[in-house]
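# Remarks on the overall topology
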Amino acid sequence: MSKTLPSFPAADEKVLDTCVRLREIAPVVEVEFPGGVAGHLALTHDAVKEILAGDNRTFLREPANWPALHDGTIPEDWPLRAVVQGGHLSTKDGDDHRRLRGLIGKAFTPARIRTMEPRVQQIVDDLVDNVIAAGDGVDIVPAFTEALPMWVICELFGVPVEDRPQMRQWTAALLAHTTPPEEAFATQNALQTYLHELVNRKRESPGDDLTSGLVQAHDEADRLTTEELVGVLWLMLVAGHETTVHLLGHAILALAQHPDQLALAKAEDRWDDVVEETLRYRHSVMMTSWRFTAEDVTIAGVDIPKGQAVGVVYQASGLDPAEHGETADQFDITREQNTRLSFGHGPRYCIGASLARLEGRLALSTLYRRLPDLTLAIDPDDIPYSPSFFTIGPLSIPVTLGL
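Residues numbered from 1 in each chain as written. Predicted model: local features only at pLDDT ≥ 70, side-chain atom pairs only at ≥ 80, totals over all residues. Heavy atoms only, no water.

### With respect to the overall build of the protein
Looking only at helices and strands, the protein features 16 helices and 9 strands. Its C-alpha atoms give the protein a radius of gyration of 21 Å, near enough to 22 Å, the size a compact globule of 403 residues would have. Overall, the protein is about 60 × 55 × 35 Å in size when its C-alpha atoms are taken along their principal axes. By residue count, 55% of the 403 residues in the protein fall in the buried class. Accessible area of the protein: about 16,300 Å², with a carbon and sulfur share of 50%. (Helix = DSSP H or I, 4+ residues; strand = E, 2+ residues; numbered from the N terminus. Rg over C-alpha atoms; globule rule 2.2 N^0.38 Å. Buried < 20%, exposed > 50% of the residue type's maximum accessible area, 1.4 Å probe, protein only. Areas by Shrake-Rupley, 256 points an atom, 1.4 Å probe, with all protein chains shown as cover.)

As structure tokens, then:
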């Protein structure tokens, strides 16, 4: 590189310090990503919101719009190339994006999500039963925070129970920046092969699940190609599952470290507020997958040339004191919530937001109702964090049940 850029590190809790340090430099900062790849990061609330509002016009997601990815500037063995070139819904722009989003949105209407509540509650109850049976010292992450979102998304897809552990392994490997490039590509191929097979099974024997519904849209209306269908499932599995895992983990840690807020949530049944404040205080998404500038653009006073990769850092925007006040670094479930960008903004607002909120509310309210004396069995400073580049969350949270 011709100039020295600040680096944006792999995920751990210390990335919060990096976010704050970079945000103090400028609203948008040019940085070096893992592998020596340059790009820009939006770090303030206003800069992030402006970029999100410009999706499908000024900012595009199709990797063809990033010249450095194709002209030899970025090496072929770059660890994150497999994720960037995923070919899923998040890399579609304009009419293609709107068409695909419209089809998927039918599965995530508020009415459809409400019908899922009894089943999600049953899954939560079963998992808490397992936690109680395991006793003190149980790791709440694999036993509960990982298991719940994977179980829900697999039920939504119609994935057989016996295949779900493998789905989790593939997802973790794809999101980890420590996965060697050849393994990342092999994992992506294996997952896509499985999803193709799932689509074929649902075409032959449809059920009451999202995959069958998308297959019907493909076969009857010819609006969704098989590759698009598989890409949609891939994105929902990888993005929709991992983020909820970390949301739950972050919430449990925040409540353990702020017993006054936990007491308030219990007393006033404010679990929706716990979910919203957790997403602001410790967002599951460290950085979104990149957008690429379709033209020269100025964001929050910072010039970004055409053809540059730009990431938005929800965690940095959530802690921005210019938007959230001098107490932005404090966990407070009574905080006003109307300005948050927790699930995005504009044309790419998270399509699974209602489901994530439902899972979060039911999981946390049930966990603390049935285990009111739940406490950490480990110092919070010793909590290991995920090795993913795009998401961030605790990998292990041993707990004492207080029974």
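### Things to note about the pairing of strand S1 (residues 28-33)
Across 6 bridges, the pairing between S1 and strand S2 (residues 37-42) is antiparallel. Bridged to Val28 within S2 is Ala42. Hairpin remark: S1 followed by S2, antiparallel, with 3 residues in the connecting loop; positive phi at Gly35, about 90 degrees. (Pairing = 2+ DSSP bridges.)

### Things to note about the packing of aromatic side chains
Applying the stated criterion across every chain yields a total of 8 aromatic pairs. Both rings, one in Trp78 and one in Trp290, keep their centres 5.6 Å apart while their planes meet at 40 degrees; by these two values the pair is tilted. Within this pair, whereas Trp78 is found in the loop between strand S3 (59-60) and helix H3 (81-84), its partner Trp290 is found in the loop between helix H13 (271-281) and strand S4 (291-293), the two being separated by 212 residues in sequence. The class for Trp290 is buried, based on a relative accessible area of 3%. Ring centres of Trp170 and Tyr194 lie 5.9 Å apart, and the angle between their planes is 55 degrees; this geometry places the pair in the tilted category. (Phe/Tyr/Trp six-rings, centres within 6.5 Å; stacked < 30°, edge-to-face > 60°.)

### Let's talk about the sheet that holds S1
Read from one edge to the other, the open sheet built from 5 strands follows the order S1-S2-S7-S4-S3, with strand pairing classed as mixed. The strands lining the two open edges of the sheet, one partner per strand, are S1 and S3. In this structure, S2 lies alongside strand S7 (residues 309-312), joined through 3 bridges in parallel fashion. Looking at the pairing, His40 lines up with Val310 of S7. The strands that helix H2 (residues 45-53) touches are S1, S2, S3, S4 and S7; relative to S7, the one it contacts most, it runs at about 120 degrees. (Contact = heavy atoms within 4.5 Å. Axes fitted to C-alpha atoms, helices over the stretch in contact; angles between N-to-C directions.)

### Quick look at the state of the cysteines
Within the structure shown, the criterion is met by 0 disulfides. The thiol of Cys154 is unpaired, and the distance to the nearest cysteine sulfur, on Cys350, comes to 17 Å. Residue Cys154 is classed as buried on the basis of its relative accessible area, which comes to 0%. Using a relative accessible area of 31% as the deciding quantity, one classes Cys350 as partly exposed. (Disulfide = S-S within 2.5 Å.)

### Notes on the environment of Lys49
Checked against the element boundaries, Lys49 lands in helix H2. Residue Lys49 is classed as partly exposed on the basis of its relative accessible area of 37%. Expressed as a C-alpha distance, the spacing of Lys49 and Ser317, which sit 268 residues apart in the sequence, is 9.0 Å. Excluding residues that lie within four positions of it along the chain, Lys49 makes contacts with Leu341 and His345.

### Side note on helix H1 (residues 15-25)
Turning to H1, its buried residues are Val15, Leu16, Thr18, Cys19, Leu22 and Arg23. With its buried residues spanning 155 degrees around the axis, H1 presents them on a single face. Facing away from the buried surface of H1 by more than 90 degrees, the exposed residues are Asp17, Glu24 and Ile25. Elements that come into contact with the buried residues of H1 comprise S1, S2, helix H14 (314-318) and helix H15 (321-324). (Arc of directions from axis to C-beta.)

### Here's the deal with the pattern of salt bridges
In this structure the tally under the stated criterion is 16 salt bridges. Put simply, Arg291 and Asp55 hold a salt bridge, and the shortest N to O gap is 2.6 Å. Residue Arg291 is found in strand S4, and its partner Asp55 is found in the loop between H2 and S3; the two are separated by 236 residues along the sequence. Of the two residues, Arg291 and Asp55, both sit in the buried class. Salt-bridge contacts for Glu277 lead to Arg280; the nearest nitrogen and oxygen are separated by 2.8 Å. Placement of both Glu277 and Arg280 in helix H13 is noted, with a separation of 3 residues, approximately one turn of the helix. (Salt bridge = Lys/Arg side-chain N within 4 Å of Asp/Glu carboxyl O.)

### Section: a negative patch on the surface
On the surface, Glu76, Asp77, Glu182 and Glu183 cluster together to form a negatively charged patch. Considering the arrangement of structural elements, one finds Glu182 in helix H9 (residues 181-204). (Patch = residues over 30% accessible without salt bridge, like charges linked within 9 Å, V, L, I, M, F, W, Y side chains within 5 Å. Lys, Arg positive; Asp, Glu negative; His and termini not counted. Charge placed at Lys NZ, Arg CZ, Asp CG, Glu CD.)

### Describing the packing of helix H11 (residues 226-257) against helix H16 (residues 353-370)
The interhelical angle for the contact between H11 and H16, taken along N-to-C directions, is 40 degrees, at an axis separation of 10 Å. Taken together, the axes of H11 and H16 lie oblique to each other. H16 is crossed by H11, and the crossing has right-handed handedness. Residues Thr244, Leu247, Leu248, Ala251, Ile252 and Leu255 of H11 touch H16, and the partners they reach there are Ala356, Glu359, Gly360, Ala363, Leu364, Leu367 and Tyr368. When the residues that make up the contact of H11 with H16 are grouped by side-chain class, the tally is 10 nonpolar, 2 polar and 1 charged. (Parallel < 35°, antiparallel > 145°, perpendicular 65-115°, else oblique. Left-handed = near helix turned anticlockwise from the far one by under 90°. Nonpolar A, V, L, I, M, F, W, Y, C, P; charged D, E, K, R; others polar.)

### Focus on H16
Over its 18 residues, H16 runs 26 Å from end to end, which matches the ideal 26 Å to within 8%, given 1.5 Å per residue. The buried fraction of H16 amounts to 13 of the 18 residues, a majority that puts the element mostly inside the structure. (Expected span 1.5 Å × (residues − 1).)

Geometric values such as these leave the question of function open.
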